[in-house]
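A structural walkthrough
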Amino acid sequence: DPSMLVGGIAENFDGSYRIGGGREFVIEGDEYDSAFFDKTAKFLKYIPETVVVNNVEFDHADIYPDLAAILTAFARLLRLVPSTGRVFIGADDAGAASLIASAAFGRVETFGLADGAHWQARDLRPGPSGTTFDVWKGTGTGNGQPATGYGQQATGTRDEAAGASAVPECLGTA
């Protein structure tokens, strides 16, 4: 039962935060600058145990001159994760996947639709209220096995849902 803070208003929580009863606290990190007088990425102010990077693309042209500068900010974030931590990287996005080597200390796992992702969305079944699919774990090291308890209704991308499924499973909070 994690607490959470996001950058917008989450419709299913009626606000930008939620206070849970568990130890975990989930923050939607952002590479945008911290303040008008501090042009470093907001997420560099955190000390994360776990980081999930879905995708990296050229954004915030008022702060970053190019994609390489954004990738540098993300690489710095991944270096904040301790050796006891975890880094989850979206295998379907070239920008995110290029960061795998930057995770110097934490254990790295990938997620997505791609063959070889450690956590893979499979058996996509479109329906009237979304797409149902299964999440398989361990596919990066062999054939994998179904992650119990995950078959999701989603209208967004299934690769991100595979990542969202992987985190609680790996942290023992599923």
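Just so we're clear, the structure is a prediction, and the values are computed from it rather than from any experiment.

**A word on the sheet that holds strand 3 (residues 25-27)**
Taken together, three strands build an open sheet; the order of strands is 2-1-3 and the sheet is mixed. Each edge of the open sheet carries a strand with a single partner, namely strand 2 (15-18) and strand 3. For this sheet the average axis-to-axis angle between neighbouring strands, irrespective of direction, equals 15°.

**Focus: the environment of L113**
Of note, L113 is situated in the loop between strand 8 (107-112) and strand 9 (119-127). Assessed through its relative accessible area of 40%, L113 is described here as partly exposed. With 23 residues separating them in the primary sequence, L113 and G90 have C-alpha atoms 9.1 Å apart.

**Re the environment of A91**
Looking at the element boundaries, A91 is found in the loop between strand 7 (86-90) and helix 2 (94-97). For the pair A91 and G116, spaced 25 residues apart in sequence, the C-alpha to C-alpha distance is 8.5 Å. In this view, A91 contacts A97, T110, F111, A114 and A117; residues no more than four positions away in its chain are not counted.

Calculation rules
- Residues numbered from 1 in each chain as written.
- Predicted model: local features only at pLDDT ≥ 70, side-chain atom pairs only at ≥ 80, totals over all residues.
- Heavy atoms only, no water.
- Pairing = 2+ DSSP bridges.
- Helix = DSSP H or I, 4+ residues; strand = E, 2+ residues; numbered from the N terminus.
- Axes fitted to C-alpha atoms, helices over the stretch in contact; angles between N-to-C directions.
- Buried < 20%, exposed > 50% of the residue type's maximum accessible area, 1.4 Å probe, protein only.
- Contact = heavy atoms within 4.5 Å.

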